[in-house]
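Read off the chains here:
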4 protein chains.
Amino acid sequence: MIQPDNAADVAAGFAEAGERRIEWAARSMPVLQAIGAGFGADRPFDGLRIAACLHVTAETAVLLGALREGGAQIALAASNPLSTQDDVAAALRTYGIVVHARAGVDKATYYRHIHQALDIAPNVVLDDGCDLVNTLHTERVELLDGVIGGCEETTTGIIRLRQMASESALRFPMVAVNDTRTKRMFDNRYGTGQSTLDGIMRATNVLLAGRTVVVAGFGFCGRGVAERAKGLGARVIVTEIDPVKALDAALQGYDVRPMSLAAETGDVFVTVTGNRDVIRAEHLALMKDGAILANAGHFDVEIDVRALEEMAREVRFGIRPSTDEYVLEDGRRLLLLAEGRLVNLTAAEGHPAAVMDMSFSAQALAVAWLVRESVRMDPGVYDVPADIDAEVARLKLAAAGISIDALTGEQEEYLHSWRLGS
Amino acid sequence: MIQPDNAADVAAGFAEAGERRIEWAARSMPVLQAIGAGFGADRPFDGLRIAACLHVTAETAVLLGALREGGAQIALAASNPLSTQDDVAAALRTYGIVVHARAGVDKATYYRHIHQALDIAPNVVLDDGCDLVNTLHTERVELLDGVIGGCEETTTGIIRLRQMASESALRFPMVAVNDTRTKRMFDNRYGTGQSTLDGIMRATNVLLAGRTVVVAGFGFCGRGVAERAKGLGARVIVTEIDPVKALDAALQGYDVRPMSLAAETGDVFVTVTGNRDVIRAEHLALMKDGAILANAGHFDVEIDVRALEEMAREVRFGIRPSTDEYVLEDGRRLLLLAEGRLVNLTAAEGHPAAVMDMSFSAQALAVAWLVRESVRMDPGVYDVPADIDAEVARLKLAAAGISIDALTGEQEEYLHSWRLGS
Amino acid sequence: MIQPDNAADVAAGFAEAGERRIEWAARSMPVLQAIGAGFGADRPFDGLRIAACLHVTAETAVLLGALREGGAQIALAASNPLSTQDDVAAALRTYGIVVHARAGVDKATYYRHIHQALDIAPNVVLDDGCDLVNTLHTERVELLDGVIGGCEETTTGIIRLRQMASESALRFPMVAVNDTRTKRMFDNRYGTGQSTLDGIMRATNVLLAGRTVVVAGFGFCGRGVAERAKGLGARVIVTEIDPVKALDAALQGYDVRPMSLAAETGDVFVTVTGNRDVIRAEHLALMKDGAILANAGHFDVEIDVRALEEMAREVRFGIRPSTDEYVLEDGRRLLLLAEGRLVNLTAAEGHPAAVMDMSFSAQALAVAWLVRESVRMDPGVYDVPADIDAEVARLKLAAAGISIDALTGEQEEYLHSWRLGS
Amino acid sequence: MIQPDNAADVAAGFAEAGERRIEWAARSMPVLQAIGAGFGADRPFDGLRIAACLHVTAETAVLLGALREGGAQIALAASNPLSTQDDVAAALRTYGIVVHARAGVDKATYYRHIHQALDIAPNVVLDDGCDLVNTLHTERVELLDGVIGGCEETTTGIIRLRQMASESALRFPMVAVNDTRTKRMFDNRYGTGQSTLDGIMRATNVLLAGRTVVVAGFGFCGRGVAERAKGLGARVIVTEIDPVKALDAALQGYDVRPMSLAAETGDVFVTVTGNRDVIRAEHLALMKDGAILANAGHFDVEIDVRALEEMAREVRFGIRPSTDEYVLEDGRRLLLLAEGRLVNLTAAEGHPAAVMDMSFSAQALAVAWLVRESVRMDPGVYDVPADIDAEVARLKLAAAGISIDALTGEQEEYLHSWRLGS
């Protein structure tokens, strides 16, 4: 079960370091642990095989642990080679989970790992960006019949799945775990918000107070990034393509502009749109000496790094951790963080475990719901049932020691009666 | 057409005062004016009769003006006697709109005015709280066949309509104007937020910095109230019954508690839940001397005023504008604003016109859409089409001089292609 | 004692309305009331005559009440005719305080009232802007020998007093009540902050979310205005002439610019600098149609109203409460609030009583200190002793039910010992 | 000149790493570089010897570089062994500065290094915490006559110096660099604010949104920490012993309590008071399982670590970077960051260079001023002249591309004329 190219990892010390990480994460994930304990009692996944393509991190380890307690057999590939924590991978192997992942591998190896994870012949798939599901539908079609359904973690992945569904190409039900209220509200907003700024500070130690931070995209992630930048004293400019989101940003007091008018003003740029080439040559040409470029969107396509390379006469790699300096022909120096990949995962540690507790708890409950309901479900993209959301939030509040009101009988009745007027 | 009980209003001076108000509102409503100009060219409502039950305010006048430019014949009743601006009513009458409304009328007169507005035998209905639609379905069923559909403004009204629809009692399509992204985001959040705090300041001139403001309900309105209270320096406690909203409030840094634990701490209480008896005897019993009670929810049922009256040994009405002091048996004095009715409409001037520009523009476009599409629509509650939202936001940004990015061809393609992977 | 031109005021009903206002203010001024009770026991002002030139408001009435309880005989003139509450003046007269003040009087009457107040031949003077002290030193020099000292309320007044002192023109000690930490922190920042925005909202009902508010001056008052504008959702631009304050504003995330670059962007302008002509013709020439101009500085010289008048082809007075519209030659309409006078006093109700509780308590204690210490004091400008500040803050916290830590013995010792090293 | 115990450092590669760090810092310190260039032209320090006890960091290196350009000969000891960057020390040695410092040395070595720095027989001393000046006055009195004066960086050091001065023990003028407006406003507030939260995030990766952060002390540093914690979504409780600061915190919306009432509620505690035992056994006894303890005050005395050790049945050192877990007898686990030492220096990288640019520029200009003026100065503690502050701010604004207003002639005159009245 141990991969040859991972042989070095299995040294006991390495796995132990991973275990400490997982233990640290687990203590911030009380909801997921409570759910895992429930799974241990009910064994909802007995006899099921799961192929997962997820960030190989301590928090993921806690999720897989909960599923495993429920009886699942699991194979894991990394959804992003840069985020893979090799010590966690080593620890997971000692728990009996098959892991095909190593930090920093190239694209060919990345896809080989996905294939290897699929070799388990999964009944359930867990995806983060849709690469595993895509590979399954294009290169491993022989496995499709065995799959009863799966979950997708990211906005980007959901877009791809909906496209597949609209073309009738999707062959089983996929639950849009990303689209839960808890995920959008918490993971995207609070998790990405804090960890993105954390990544920028770790990489550059730049003072944010008084700086102009340009946030491209005002979805839940962008909102979180903008809030945290503002909370750290920055002046925030928002760019958008959706007029409703743009107007919302303006009404929250942000300076809203097109990127072409933000480029020359910004000290720090963060892309978080889900789209490509949000910062491109025409914008790079306008930026100030010393401008910092970071991406917090799923794929590393939001900043046109190729254009940056072409404009540079010299690149000084690693002048700070996760920071490369591009010296342009005209002498201006632009600082690219994390090679344009997810800055919060690469330069910091990704979402805090407390955030992942929410989204992974929803995912764990969604997998259980999918397993129960899949026989009644057609291929397509499904929302997580609202009661799972509410259940996760309820458990989280309880873990934080917060109690809330309950409806009285009269209030319940009032809400359901349309005959009561003014 | 002029009602006997409004005879006094028609004095030219009175109508002129209303016209000045309407002119003032209109200058903050550039989007609605642009839409009205378009209606004037296209005449989409030629020959149609509209019965409206709306707040009789300057902003409503601008909306009705736009519909009238499009050819509609209109009869208006007030959706809340306390918000009726008699001078605006007078001005509207000079524009040829039939108005049945007067400030401060009793409940019987309120419903008589609704009946009078219905006498126009409407093709389209505009409602704000569902009382007109309810009256139509229960007491004026003879008019139902002539109605092609309508719009509803409030969350409360939508709840009632959905209940009617689920019981198959609703007889024509109703557009949930409240449920647009723009309405929820802008009207509920920014409009209710500012005007509620404005009302509290006008009524009491209390310093909010350092005070504890308890906001009951964390929907879009509650969020707006909480943000503005925080922005004015208050410490904010949020109460909720929905765990997801409660958790969101907690993650935004608010102190979340049940009302029973907030009651003894709060200096100012604002209810904005859409439910009844949110503050009731058990809470009043715990409050501090001098606590201020305000409601920003649609109906005056959120604070149990009857309980307050029963607990009081003396009431000093009007010790400040819109402020009554209830002296309880134990000597504590509680201050009830606006008799528990909408504090932003009663103690201040309701939503700023700039906010109503958004929601009334959506409503104007929604009426045009309904008129075009009603033949293809079954009875039920309909969302406003997303492109109306986007259109309103686009016009609003343009009016504010804000430009935003557009997708490039490559970006459009990227968003639509699921085959592109990592 | 009753002035002929106030004859109408003395109608019992009028004074009663004033009493209700004073009672309302008093309940938000627990600290001042506690101090007044102490004065009543100690009678520190027995036999002393006080001439005061203050805003004639309910809060001032509570201050004068406390001094009167201490035995003082008092004559009061208004420091600003626009802020005079005639009903409060009437109520004060029934308390035996001589009041020379009426709302809206002209400049000649204003100075006549100051002279009439000085006719009491004061031992102590209370001033708000230095006009009474200035009159005393220039036109009533015969009274100077009887004066043991006084207090000045405003930054503007202090600047004038220091100038007098540096020219050896000042003849007695003046306590800079404005310069207490509590006054600067609380009155200037929280009081002016909230009441200025309150005044703008009452005058215009404009939505602040998404608007650009330009705050000229970043002293304590300007800071307060900027914070509240930001807290209401506005984008805030700060203008300054002091580089340290300008940098502080920038580091707090504000957009800092010269007025010439802010003029064309702003929707609302607030001057709060203590200087003249902060907004002048060159700026008015650049402003957007519909721009709103308000002043929150002590004197009405910050906006060059004369320039505005000269540029206007038409003025529409009172198109909203406290709002005049200037239609310029090129068609742009600029809205001037409160004629360029203090917008928070004129369009709203000035500082909330809870704020005045702080500064008036410091003032009451400062008067007592001055009376005790004046024999040992040379002419000059004096700071309020720090322990008065601390005493006021301590009483205020207690009134709010807030307890704080006390130093342990070891901590006291640690703070006083420099021999303890790393 | 190279110390035997630093022999390993001098390897070229090590010094090169330090140079890269210094270069990185220098690019965020444009003001200090401009001042250094001026010194290079004027040579104000030719022939002078400086002994410095400062944090041995890249930013300090830029400061010393500027002084050296002005002609000074410099010996440096570390003011805190935990903050010493050995690679920077190595690089400094290659510049000809004598450095006695190594990361992590014990107390005896720390003081030995101070003595070694004093061996230069300084004319000017630069101190950070007063240990060098204290040593000079107690153990190296033979050197006192050669000293013309010095600068002190920290609040703590100033307290010790003032105590010395009040006992007539201080023998030369010391400039309180800490007490400049720029230092207090910028270094203390923005620098400590951001870097403290940065340190907590790096050490724990904890989600701050929704957590309760208890900030002990509401001076400039505490204010900065509270603002950043709030800006990251935390609910902030402030503890204070000064009623004025406590009231200010309350009016800014913070929850103000004594530590005994904050202890059981907090998730994260930050001490920043300048005093000892702010968190002690009685508070530790009340804390929640998992509570995080961090100190951002100068000395490691604010958290009573000895009490914590005595209460623990087990300590797990380094369970995260800079994080030790104390398992108490009752099973609760408390997490102590950075051993109770400065969390921003130990767990993160201290103040961002942009902040140090301000305070070190003021310090550089203050040294030049001291050298010019010392012949006219008695022993004592001196404020930095206000024009140095303004000069630094002016240079900083210019470097950020921000221009501000200048007074017109009329405005200058207005500010200086007290005869102009209402």
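Residues numbered from 1 in each chain as written. Chains lettered and ligands numbered in written order. Predicted model: local features only at pLDDT ≥ 70, side-chain atom pairs only at ≥ 80, totals over all residues. Heavy atoms only, no water.

1. Re the packing of helix H2 (residues 30-42) of chain B against helix H3 (residues 58-69) of chain B
Residue and element names in this part refer to chain B.
Logical step 1: Contact geometry for H2 and H3: axes closest at 7 Å, N-to-C directions at 20°. By the angle between their axes, H2 is roughly parallel relative to H3. The two elements H2 and H3 meet at a crossing, and its hand is left-handed. Note on element contacts: H3 touches H2 through Val62, Leu63, Ala66, Leu67 and Glu69, opposite Leu32, Gly36, Ala37, Phe39 and Gly40. (Axes fitted to C-alpha atoms, helices over the stretch in contact; angles between N-to-C directions. Helix = DSSP H or I, 4+ residues; strand = E, 2+ residues; numbered from the N terminus. Parallel < 35°, antiparallel > 145°, perpendicular 65-115°, else oblique. Left-handed = near helix turned anticlockwise from the far one by under 90°. Contact = heavy atoms within 4.5 Å.)

2. Considering the UniProt feature "binding site: substrate" (unreviewed entry) in chain A
Residue and element names in this part refer to chain A.
Logical step 1: Per the UniProt record, "binding site: substrate" (unreviewed entry) is annotated on Thr57, Asp128, Glu153, Lys183 and Asp187.
Logical step 2: Note on placement: Lys183 falls in helix H8 (residues 181-204).
Logical step 3: Classification of Lys183 by relative accessible area gives buried; the value is 5%.
Logical step 4: The residues touching Asp187, leaving out its near neighbours within four places in the chain, are Thr182, Thr192, His351, Val355, Met356 and Ser359. (UniProt positions renumbered as here; feature names shortened; annotations may be inferred. Buried < 20%, exposed > 50% of the residue type's maximum accessible area, 1.4 Å probe, protein only.)

3. So, the packing of aromatic side chains
Logical step 1: Under the criterion given, the structure shown has 16 aromatic pairs over all chains.
Logical step 2: Ring geometry for D:Phe186 and D:Tyr190: centres 6.0 Å apart, planes at 20°, overall stacked. Here D:Tyr190 and D:Phe186 lie together in helix H8 (residues 181-204), a separation of 4 residues that amounts to about one turn.
Logical step 3: Classification of D:Phe186 as buried rests on a relative accessible area of 1%.
Logical step 4: Residue classification places D:Tyr190 among the buried positions, given a relative accessible area of 1%.
Logical step 5: We note A:Lys230 situated over the ring of A:Tyr254; from NZ or CZ to the ring centre the distance is 4.9 Å. (Phe/Tyr/Trp six-rings, centres within 6.5 Å; stacked < 30°, edge-to-face > 60°. Lys NZ or Arg CZ within 6 Å of the ring centre and 35° of its normal.)

4. Here we look at the interface of chain B and chain A
Logical step 1: Each side of the interface is counted separately: chain B has 67 residues, and chain A has 67 residues.
Logical step 2: Here chain B is connected to chain A by 0 salt bridges.
Logical step 3: At the boundary of chain B with chain A, the tally comes to 12 residue pairs in polar contact (both at pLDDT 80 or more).
Logical step 4: Elements with a contribution of two residues or more to the side of chain B that touches chain A: helix H5 (107-118), helix H6 (131-138), helix H7 (155-166), helix H8 (181-204), helix H10 (243-251), helix H16 (386-399) and helix H17 (409-416) of chain B.
Logical step 5: Here the side of chain B that touches chain A takes 8 residues from H10(B), the largest share from any one element.
Logical step 6: In terms of residue class, the side of chain B that touches chain A is made up of 33 nonpolar, 13 polar and 21 charged. (Salt bridge = Lys/Arg side-chain N within 4 Å of Asp/Glu carboxyl O. Polar contact = N/O pair within 3.5 Å; in protein donor to acceptor, adjacent residues only side chain to side chain. Nonpolar A, V, L, I, M, F, W, Y, C, P; charged D, E, K, R; others polar.)

5. Describing the environment of A:Leu407
Logical step 1: For A:Leu407, the position within the fold is in the loop between helix H16 (386-399) and helix H17 (409-416).
Logical step 2: Counting along the chain gives 77 residues from A:Leu407 to A:Asp330, while the straight-line C-alpha distance between them is 66 Å.
Logical step 3: Not counting residues up to four positions away in its chain, the partners in contact with A:Leu407 are A:Glu412, A:Leu415, B:Ile241 and B:Asn275.

6. Re the pairing of strand E14 (residues 333-337) of chain B
All names here are of chain B.
Logical step 1: Across the 5 residues that make up E14, a large majority, 4, are buried.
Logical step 2: Bridge count between strand E11 (residues 292-295) and E14: 2 bridges; the pairing is parallel. The residue bridging Leu293 from the neighbouring strand is Leu336, located in E14.
Logical step 3: Connecting strand E13 (residues 323-328) to the antiparallel partner E14 that follows it, the hairpin turn spans 4 residues, and Gly331 within it adopts a positive phi of roughly 95°. (Pairing = 2+ DSSP bridges.)

7. Brief notes about the state of the cysteines
Logical step 1: Tallied over the full model, the rule gives 0 disulfides over all chains.
Logical step 2: With no disulfide of its own, A:Cys221 lies closest to A:Cys130 among cysteine sulfurs, the gap being 17 Å.
Logical step 3: Distance from the sulfur of C:Cys151, which forms no disulfide, to the nearest cysteine sulfur (C:Cys130) is 13 Å.
Logical step 4: The class of C:Cys151 is buried, set by a relative accessible area of 0%. (Disulfide = S-S within 2.5 Å.)

8. Regarding the pairing of strand E14 (residues 333-337) of chain A
Logical step 1: Bridge count between strand E13 (residues 323-328) of chain A and E14(A): 5 bridges; the pairing is antiparallel. Looking at E14(A), one finds that A:Glu325 is bridged to A:Leu335.

9. Describing the relation of the copies chain B and chain C
Logical step 1: Overlaying chain B with chain C gives an RMSD of 0.1 Å, the required rotation being 180° about an axis along which the chain moves by 0.0 Å. Such a combination of turn and shift is consistent with a two-fold rotation axis. Proximity to the rotation axis, assessed at the C-alpha, singles out B:Gly231 in chain B; its C-alpha lies 1.7 Å from the axis.
Logical step 2: Comparing contact sets, 100% of the residues at the interface of chain B also lie at the interface in chain C, consistent with an isologous, same-surface contact. (Least-squares fit on C-alpha atoms with pLDDT ≥ 70 in both.)

10. Thoughts on the interface of chain B and chain C
Logical step 1: Contacts between the two partners involve 33 residues from chain B and, on the opposite side, 33 residues from chain C.
Logical step 2: Carbon and sulfur atoms make up 50% of the area that chain B and chain C hide from each other, which totals about 3100 Å².
Logical step 3: A per-residue breakdown of the area chain B buries against chain C is headed by B:Trp24, B:Gln194 and B:Asn205, which together make up 21% of the total.
Logical step 4: B:Glu23 is the partner of C:Arg316 in a salt bridge, and the nearest nitrogen-oxygen pair spans 3.2 Å.
Logical step 5: Our count for the contact surface shared by chain B and chain C stands at 18 residue pairs in polar contact (both at pLDDT 80 or more).
Logical step 6: Counting only elements with at least two residues in the side of chain B that touches chain C, the list comes to helix H1 (12-27), H8, helix H9 (220-231), strand E12 (312-320), E13, E14 and helix H15 (353-373) of chain B.
Logical step 7: Take the side of chain B that touches chain C: its biggest share by element is 6 residues, from H8(B).
Logical step 8: Looking at side-chain class alone, the side of chain B that touches chain C contains 13 nonpolar, 8 polar and 12 charged residues. (Buried area = accessible area lost by both parts, 1.4 Å probe.)

11. Points about the environment of A:Gly350
Logical step 1: If you trace the backbone, A:Gly350 turns up in the loop between helix H14 (343-346) and helix H15 (353-373).
Logical step 2: With relative accessibility at 2%, the residue A:Gly350 sits in the buried group.
Logical step 3: Considered as a pair, A:Gly350 and A:Ser195 are 155 residues apart in the sequence and their alpha carbons are 5.8 Å apart.
Logical step 4: Excluding anything up to four places from it in sequence, A:Gly350 contacts A:Ser195, A:Asn344, A:Leu345 and D:Asn205.

12. Let's talk about the relation of the copies chain B and chain A
Logical step 1: Its rotation angle being 180°, the transformation that places chain B on chain A also includes 0.0 Å of axial translation and leaves an RMSD of 0.1 Å.
Logical step 2: A shared interface surface links the copies, since 100% of the contact residues of chain B are contact residues in chain A too.

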